Amino acid sequence: QVQLVESGGGLVQPGGSLRLSCVASGSGFGAYTMAWYRQVPGKQRDLVATITNTGRTNYVDSVKGRFTISRDNAKKTVYLQMNSLKSEDTALYSCNAPGAVGFSWGQGTQVTVSS
């Protein structure tokens, strides 16, 4: 079982930046596509960005050009650099390996964009 721990969230003004981190425990991290998701209360969890084990990335349209996903396999960590934040980016952000077996959801990290 791979445990995931997210960090880096907080309160930021519109237009600001945050860098989220997700650290994995256990083996096999480097073999999997990793993804960041976000969820607001009362709504489903939405996919935000993915990165393959070879570094190919993909983003939901609403964050293209503002968010950057990256990974460091040696540190078993995936990052989400978020720039030009908007109020609609406010959510609980979590990471996981889409389609993989044995990855547990972490607590997530709250991002609040507000003036």
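For the structure, see preceding data.
Please read all numbers here as calculations on a predicted model, not as lab measurements.

Analysis parameters
- In every chain, residue numbers begin from 1 and rise along the written sequence.
- Where totals are concerned, whole chains, interfaces and linings use all residues; where local detail is concerned, this predicted model gives features only for residues with pLDDT of at least 70, and gives and counts side-chain atom pairs only at 80 or more.
- Computation of side-chain values: all heavy atoms of the structure, hydrogens and water removed.
- Strands are labelled as partners when DSSP assigns at least two bridges between them.
- Helix and strand assignments follow DSSP, with helices taken as H or I runs no shorter than four residues and strands as E runs no shorter than two, numbered in order from the N terminus.
- To obtain each axis, a line is fitted to C-alpha atoms, and for helices this fit is confined to the stretch in contact; angles are then taken between N-to-C directions over 0 to 180 degrees.
- Pairs of N or O atoms are called polar contacts if they sit within 3.5 Å, as long as, within protein, a hydrogen donor faces a hydrogen acceptor (for residues adjacent in sequence, only side-chain-to-side-chain pairs).
- The criterion used for residue contact is that any of the two residues' heavy atoms lie within 4.5 Å.
- Salt bridges, as used here, are contacts in which a Lys or Arg side-chain nitrogen is within 4 Å of a carboxyl oxygen on Asp or Glu.
- The buried label applies to any residue whose accessible area, calculated with a 1.4 Å probe on protein chains only, is under 20% of its type's maximum; exposed applies above 50%, and partly exposed to all values in between.

A. Spatial organisation of the sheet that holds strand 6 (residues 57-59). Here 6 strands make up an open sheet; going across it, the order is 2-10-9-4-5-6 and the pairing mixed. Edge positions in the open sheet fall to strand 2 (10-12) and strand 6, since each of these has one partner strand only. Ignoring strand direction, the axes of neighbouring strands in this sheet form an average angle of 25°. Inspection of the sheet shows strand 9 (residues 91-96) paired to strand 10 (residues 109-113) by 3 bridges, in the antiparallel sense. Bridge pairing in strand 10 places L92 opposite Q110.

B. Here's a closer look at the side chain of R38. By the secondary structure assignment, R38 is in strand 4 (residues 34-39). Separated by 2.9 Å, the side chains of R38 and D89 make a polar contact. Excluding residues within four positions of it along the chain, R38 makes contact with Q44, R45, D46, V48, S62, V63, F67, E88, D89, A91, L92 and Y93.

C. Broad picture of the pairing of strand 5 (residues 46-51). Relative to strand 5, strand 4 runs antiparallel, the two sharing 5 bridges. If you follow R38 over to strand 5, its bridge partner there is D46. Here strand 4 hands over to strand 5 after 6 residues, with G42 in that stretch at a positive phi of 85°. Pairing geometry for strand 5 and strand 6, over 3 bridges, is antiparallel. Residue pairing in the sheet places A49 in a bridge with Y59 of strand 6.

D. Structural view of the sheet that holds strand 8 (residues 77-82). Read from one edge to the other, the open sheet built from 4 strands follows the order 1-3-8-7, with strand pairing classed as antiparallel. Among the strands making up the open sheet, the edge pair consists of strand 1 (4-7) and strand 7 (67-72). Adjacent strand axes in the sheet meet at a mean angle of 15°, parallel and antiparallel pairs treated alike. Judged from the 6 bridges that link them, strand 3 (residues 18-24) and strand 8 form a sheet pairing that is antiparallel. Looking across to strand 8, one finds that S21 is bridged to Y79.

E. Spotlight on the pattern of salt bridges. Inspection of the entire model under this criterion finds 3 salt bridges. Of the charged contacts in the structure, one is a salt bridge between K64 and D61, with a shortest N-O distance of 3.0 Å. With a relative accessible area of 61%, D61 lands in the exposed category. Across the pair D89 and R66 runs a salt bridge, and its minimum N-O distance is 2.7 Å. On the criterion of sequence distance, the pair formed by D89 in the loop between strand 8 and strand 9 and R66 in the loop between strand 6 and strand 7 is long-range, its members being 23 residues apart. R66 shares its class with D89; the two are buried. One continuous salt-bridge network, built from bridges that share partners, spans R38, R66 and D89.

Note that all results are geometric; they support no functional claim without further evidence.
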